Amino acid sequence: MKRRKFISQNGFALMTTSAAAIMAAWSGAALAQDEPDDQIVVTGSRISTLAIDAPAPVAVFDTELLVQNTGSISVGDELADLPQFSATGNQAASAGIESNSQVGLNLLDLRGLGPSRTLVLVNGRRHVSSSQETAQPDTNTIPAGLLERVEVLTGGASAVYGADAVAGVVNFVLDDDFEGVKGVVRGGVSDEKDAESFTANLTLGKNFADGRGNIAADLEYSRNASLYYTDRAFSAVQTSFAPDFSANPPYTYRLVEDLRLLSTSTGGTLIDAMQDVYRFAPDGSLNPADFGKGSLIPFGPIISEGGDGLNSVEDQTLLPSLERMGLNLLAHYELTDKARLFFEGKVVNIESSATSQPVNAGFVVSVDNPYLTQQARDLLTGSILPMGTDSFSISRMNRDFGTPQVNNERLTMRGLVGVEGEFADRFNYEFSYGYGRTETDSVFTNNVVLARLQYAADAVVDGAGVLGSPGAIVCNATLMAGSTSTGDAAIDECQPANIFGEGAVSDAARDYVTFTSRADGLLTQHVLGGYVSGDTAGLIDLPGGPIQMVVGGEFRREETSFNPDPRDLAGGTSRAGIQPVNGSFNVVEGYAEASAPLLADQPLAELLEINGAVRVAHYNLEGVGANISWGVGGVYSPVPDIRFRGAYQRAVRAPNLAELYAPITPVQFSVFDPCDASAINDGPAQRAANCAALGAPAGFTASTIGGLVPGTTGGNPNLDVEHGTTWTVGAVFTPSIAPGFVLSVDYYDIKLDDAIATTNASTILRLCVDSASVNNAFCDLVTRDAASFDVTFITEGATNINSLTARGIDFDARYGFALPVGELNLRAVASYVLERNNFLDPFAPSVATEILRDVGTPKTRVNLSTSYDVNKFRFSYNMRYFSGAIRSFAGGRLQEGALPPDILYTGGTFIHDISARYEASEQATVFFGVDNLFEADLPPGVYGAGFGGANYDAIGRYFYGGVSFAF
């Protein structure tokens, strides 16, 4: 049986020999053409057609670019660097995601519309998700050793593959016919001798039964080390902006290169009635605070540039650690000449970790606390406290009780079995069943029991030896209870803590206050589907040929569960507020496609073809029911050298499992209060009135500036569907005068109405007071202190907002040619974004929040890859460019005059990579490379991690090398 007869890989568009050379140019790899009628599978449709005849653009990237010529161990990182993607979900970004159960994930986000709108497939089939909070598989589970290529459909494919493909499809195509032994061993290290990485991969394949069957196995072990903010000079301290309150400032805001929070510190901070600030030093002494270059806010001790206030990034992770072990299996067996059985299986275990900011707490302390030094007590009673006062308050970031750390372990298992074949000489079919599950286990070390923290800080002397040792320092709560057990372990087991100065907390006190909590979760996916395809040859023949058709259906059930630690669930811990989740949905889908070649091989009509697709999906979710997605498209080629193409898609997307049932988890938000006196007049006219209506006092100064505010984030089971419209139009040029040259240019336009999105905390605060009145949904998500008016809690979650829009132009060019000595291959991929807007305010649905030119959403992105082959050597050079951004502050974009132009507008960034390979023998190749050769600078306040800056490179110059072998 010849496999070319089947529409393999779930029936993605096939391409015949006439297009194989073109696809080789796209992918940069020599594609097998052992038989004259060999066919290559590419994403786009379940109807057999030439790749260049597909109405929606498909970009193909080979393993050399994504796996071989890089020091990264994550294929997702390499894809996120491509112009079509946003780096919102790459490895570095996962450390900045507010819910730290996301740490270590590597997700894909086409057009910056969110991972939930990018459908990720493996061999054209769905894959179980990797997190309760994002409905997408982790690309770290993809087997690099079996990866043949990655196909990126950027025109929307909701009618073909499902409504969650509204932004596009990423299909990982694996080599399911590998025979032999191959492997790679690679290691890397940064120029700073950190961020070490290692990969070892072994792939084995064997044909059997006289070539009727094949089985291949891929084993992988990979790891990379953590990188912390303090490991790099540009991120060792917090860089941000602050209002400029100096006399006649040239700009509204100023750059603060070492922002410090004056109201707290790791040793303890006291602010007296006159707003003078004192800090406890490591030796326990109490001293006036160091404001560095001075306090930046005249309304009180809030932030300074430099000094001894809190550096809020000091404990954060820039790049999470990751350790990955995986086994992937592929097999197939030809039952007959017209039927083929296939199997896919995997077990992948991934562990990752990251740290976060310690718990900040306020304490009311007696002046008789035995841990107070005499110097501190004398200063307190002699000059700081009013006469007769016997207690005082301090604020403390409790680092010496332990830096919180999350360790995530995800075990992904997937099995798929199916049969494909042909019948009646004109029909092809495929039926398959797949089951996947992801088990998550999150361990949170240095979780704090808040009541115990307060008990430990309230230390006294047991002068009478009530608890056994006269003169011993004990907890006041234990002493008050006497020698009799209360039955409350928090009191009976209390260990006193010295909170005056960082580093004095004993091991016993630390063990008493902190504990390790654990949360586990499970995601499962069942997919049963199949289709039949064929044509009308001999029945209906159009001038261009017969009509091709596909009909199929799919049943899918997805379930999620999440079980937090009972102690966190009960409350009173630093992770209190987390909630359990159990949810599921079923969907039954039916679809059909048709392609009609109206003309072919005619003067000025090399090809004229139209196609259409429709998909009906019925969910068992209340309020969702049945929805229809459909699309039409066409291709016109007047001459062989040029093809024009276009497609239009309408999609109705139901909320996915993560959007509905993501666990309610506690987070801490970095926010700037728009009601603060420094910002109240910077917004629309109604801001001041709305702040007053909420109770803001005149001249209100927010103590939360530069700090963190607690809150929660999670799913919403009451979400409605969203409606998407996607259309593309473009052209493909293959000039006969330049064989091997291919250029595609495509325009895209995407609009989502009733879009499902999570509005971030800063935007919630801003829209609460910038809307027409305070009677809006955003104010309901904000809790303020009745006395101080400070924000004390923010509830963040998924909602149906007004709309999202994205428009732009993609370019993809490839040219390979022989030189007098050697061969040169060039490829350039670029994207020019015309619009990327969010429409968030339900009271002003036409008012756009512009995302384009934010940090992380550049207007122009270009990737250039080159390779030069000569004899046994290959030299490669890759360049990545993205244009600059306009800075934002307090949840809004800064305007002209807010900052000096060279700070307000960041410049474009160039990142250069080089590598070399040498074929030492027929079996072994050695390679070496340098990523980010010239160590591209990051703009001030951008860290190359989460919060929108992960498209930058935080690691710096990175060296890697290794050996690959094949037998």
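Residues numbered from 1 in each chain as written. Predicted model: local features only at pLDDT ≥ 70, side-chain atom pairs only at ≥ 80, totals over all residues. Heavy atoms only, no water.

Caption draft 1: The arrangement of the overall build of the protein chain in detail. In terms of helices and strands, the protein chain carries 15 helices and 52 strands. Relative to its length of 967 residues, the protein chain is compact, with a C-alpha radius of gyration of 31 Å against a globular reference of 30 Å. Over its C-alpha atoms, taken along the principal directions, the protein chain stretches across nearly 105 × 60 × 60 Å. The buried share of the protein chain, taken over its 967 residues, is 58%. Look at the contacts in the protein chain between residues 6 or more apart in sequence, and 72% of them connect residues 24 or more apart. When the accessible surface of the protein chain is split by element, carbon and sulfur atoms take 57% of a total near 36,300 Å². Between the mean site of the 62 positive side-chain charges and the mean site of the 111 negative ones, the protein chain shows a separation of 5 Å. (Helix = DSSP H or I, 4+ residues; strand = E, 2+ residues; numbered from the N terminus. Rg over C-alpha atoms; globule rule 2.2 N^0.38 Å. Buried < 20%, exposed > 50% of the residue type's maximum accessible area, 1.4 Å probe, protein only. Contact = heavy atoms within 4.5 Å. Areas by Shrake-Rupley, 256 points an atom, 1.4 Å probe, with all protein chains shown as cover. Lys, Arg positive; Asp, Glu negative; His and termini not counted. Charge placed at Lys NZ, Arg CZ, Asp CG, Glu CD.)

Caption draft 2: Structural context of unusual backbone geometry. Phi at Gln-275 takes a positive value of approximately 70°, unusual for a residue other than glycine. Looking at the secondary structure, you find Gln-275 in the loop between β15 (269–271) and β16 (277–280).

Caption draft 3: Just the state of the cysteines, in detail. In this structure the tally under the stated criterion is three disulfides. The side chain of Cys-475 participates in a disulfide bridge whose partner is Cys-494; the two sulfur atoms lie 2.0 Å from each other. One quick way to see it: the torsion about the S-S bond of Cys-475 and Cys-494 is about -80°, and its sign makes the bridge left-handed. Of this pair, Cys-475 sits in strand β27 (residues 472–475) while Cys-494 sits in the loop between α9 (489–492) and α10 (507–513); the two residues are 19 residues apart in sequence, bridging distant segments of the chain. As far as the burial class goes, Cys-475 and Cys-494 line up, both buried. (Disulfide = S-S within 2.5 Å.)

Caption draft 4: Expanded view of the pattern of salt bridges. Using the criterion set out here, one finds 48 salt bridges in the structure. Residues Glu-344 and Arg-125 are paired through a salt bridge, measuring 2.8 Å at the closest nitrogen-oxygen approach. In this pair, Glu-344 sits in strand β21 (residues 339–355) while Arg-125 sits in strand β5 (residues 125–126), placing the two residues 219 residues apart along the sequence. Of the residues examined, Glu-344 reaches a relative accessible area of 6% and is grouped as buried. (Salt bridge = Lys/Arg side-chain N within 4 Å of Asp/Glu carboxyl O.)

Caption draft 5: Summary view of the packing of aromatic side chains. Within this structure, the stated rule accounts for 19 aromatic pairs. Relative to Phe-910, the ring of Tyr-881 lies with its centre 4.6 Å away and its plane at 40°, an arrangement referred to as tilted. On the criterion of sequence distance, the pair formed by Tyr-881 in strand β47 (residues 873–882) and Phe-910 in strand β50 (residues 909–919) is long-range, its members being 29 residues apart. Given the relative accessible area of 47%, Phe-910 is considered partly exposed. Following the ring pairs from residue to residue traces out a cluster consisting of Phe-423, Phe-427, Tyr-429 and Phe-431. We note Arg-111 situated over the ring of Tyr-748; from NZ or CZ to the ring centre the distance is 3.6 Å. Between Arg-575 and the ring centre of Phe-444, over which it is positioned, the NZ or CZ distance is 3.6 Å. (Phe/Tyr/Trp six-rings, centres within 6.5 Å; stacked < 30°, edge-to-face > 60°. Lys NZ or Arg CZ within 6 Å of the ring centre and 35° of its normal.)

Caption draft 6: Structural detail: a nonpolar patch on the surface. Nonpolar side chains collect at one region of the surface, where Phe-208, Ile-215, Tyr-333, Leu-335, Leu-341, Phe-343, Val-417, Tyr-433, Leu-528, Phe-555 and Val-588 lie side by side and expose about 920 Å² of accessible area between them. Of all the secondary-structure elements, those providing two or more residues to the nonpolar patch are β20 (321–336) and β21. Following the sequence through the fold, Leu-335 ends up in strand β20. (Patch = residues over 30% accessible without salt bridge, like charges linked within 9 Å, V, L, I, M, F, W, Y side chains within 5 Å.)

Caption draft 7: Fine view of the packing of helix α13 (residues 686–694) against helix α14 (residues 761–770). Two elements in contact, α13 and α14, have axes separated by 7 Å at closest approach and are oriented at 95°. By the criterion of interaxial angle, the relationship of α13 to α14 is roughly perpendicular. Residues Gln-686, Arg-687, Asn-690, Cys-691 and Leu-694 of α13 form the contact with α14, whose own contacting residues are Arg-766, Cys-768, Val-769 and Asp-770. In the contact of α13 with α14, the residues fall into four nonpolar, two polar and three charged. (Axes fitted to C-alpha atoms, helices over the stretch in contact; angles between N-to-C directions. Parallel < 35°, antiparallel > 145°, perpendicular 65-115°, else oblique. Nonpolar A, V, L, I, M, F, W, Y, C, P; charged D, E, K, R; others polar.)

Caption draft 8: Local environment of the environment of Ile-47. With respect to the secondary-structure elements, Ile-47 resides in the loop between β2 (40–41) and β3 (58–62). Sequence spacing of Ile-47 and Met-549 is 502 residues, and the spatial spacing of their C-alpha atoms is 6.7 Å.

Caption draft 9: Examining the nonpolar core more closely. One finds Phe-172, Ile-303 and Ile-794 to be the most contacted residues of the largest nonpolar core, which totals 84 residues. Top element by residues in this core is α14. It accounts for six residues. Other than its neighbours up to four places away in sequence, Ile-794 contacts Phe-669, Val-671, Val-709, Pro-710, Gly-711, Thr-712, Ala-761, Ile-764, Leu-765 and Leu-781. In this structure, Ile-384, Ala-456, Ala-457 and Cys-475 belong to the second largest nonpolar core, which totals 31 residues. (Core = buried A, V, L, I, M, F, W, Y, C linked by side-chain atoms within 4.5 Å.)

Caption draft 10: Spotlight on the confidence of the model for the protein chain. Chain-level statistics for the protein chain give a pLDDT mean of 89 and a share of 93% at 70 or above. Under a pLDDT of 50 for its full length, residues 1–41 has, in the predicted model, 128 contacts with residues more than four places off or in other chains. (pLDDT = per-residue confidence, 0-100.)

Caption draft 11: Molecular detail of the sheet that holds β5. With mixed pairing, five strands are arranged side by side in an open sheet as β3-β6-β7-β4-β5. The open sheet has two edge strands with one neighbour each: β3 and β5. In this structure, strand β6 (residues 147–153) lies alongside strand β7 (residues 168–174), joined through six bridges in antiparallel fashion. From the neighbouring strand, Val-150 faces β7, where its bridge partner is Phe-172. (Pairing = 2+ DSSP bridges.)

Caption draft 12: Representation of the environment of Ala-596 in the model. The topology assignment puts Ala-596 in strand β32 (residues 581–602). Sequence separation between Ala-596 and Pro-543 is 53 residues, and the spatial gap between their C-alpha atoms is 9.7 Å. Setting aside residues up to four positions removed in sequence, Ala-596 forms contacts with Leu-542, Ile-547, Leu-608, Glu-609 and Ile-610.

Caption draft 13: Focus on the pairing of strand β37 (residues 708–714). Within β37, five of the seven residues are buried, leaving the element largely enclosed by the surrounding structure. Sheet analysis places strand β36 (residues 665–670) next to β37, joined by six bridges and oriented antiparallel. Pairing of Thr-665 across the sheet is with Thr-713, part of β37. Bridging between β37 and strand β42 (residues 791–800) involves four bridges; their strand directions are parallel. Residue pairing across strands places Thr-712 opposite Thr-795, the latter belonging to β42.

Caption draft 14: Spotlight on α14. Among the ten residues in α14, ten count as buried, and that is most of the element. On its buried side, α14 packs onto β36, α13, β41 (782–784), β42, β45 (849–850) and β49 (892–893).

Caption draft 15: Quick look at the side chain of Arg-125. For Arg-125, a relative accessible area of 7% corresponds to the buried category. Among the polar contacts listed, one links the side chain of Arg-125 to the backbone oxygen of Asn-123, at a separation of 3.3 Å. Among the polar contacts listed, one links the side chain of Arg-125 to the side chain of Glu-430, at a separation of 3.3 Å. (Polar contact = N/O pair within 3.5 Å; in protein donor to acceptor, adjacent residues only side chain to side chain.)

Caption draft 16: Just the side chain of Gln-91, in detail. By secondary structure assignment, the location of Gln-91 is in the loop between α4 (75–80) and β4 (118–122). For Gln-91, a relative accessible area of 1% gives the class buried. Not counting chain neighbours up to four residues away, the residues in contact with Gln-91 comprise Ser-74, Asp-77, Gly-104, Leu-105, Asn-106, Asn-140, Leu-319, Pro-320 and Leu-322.

Caption draft 17: Layout of α13. Along α13, the residues that are buried comprise Arg-687, Asn-690 and Cys-691. Taken end-on, α13 shows its buried residues confined to a sector of 100°, consistent with a single buried face. On the buried face of α13, the contacting elements are α14. Positive backbone phi, at 110°, marks Gly-695, one or two positions downstream of α13. (Arc of directions from axis to C-beta.)

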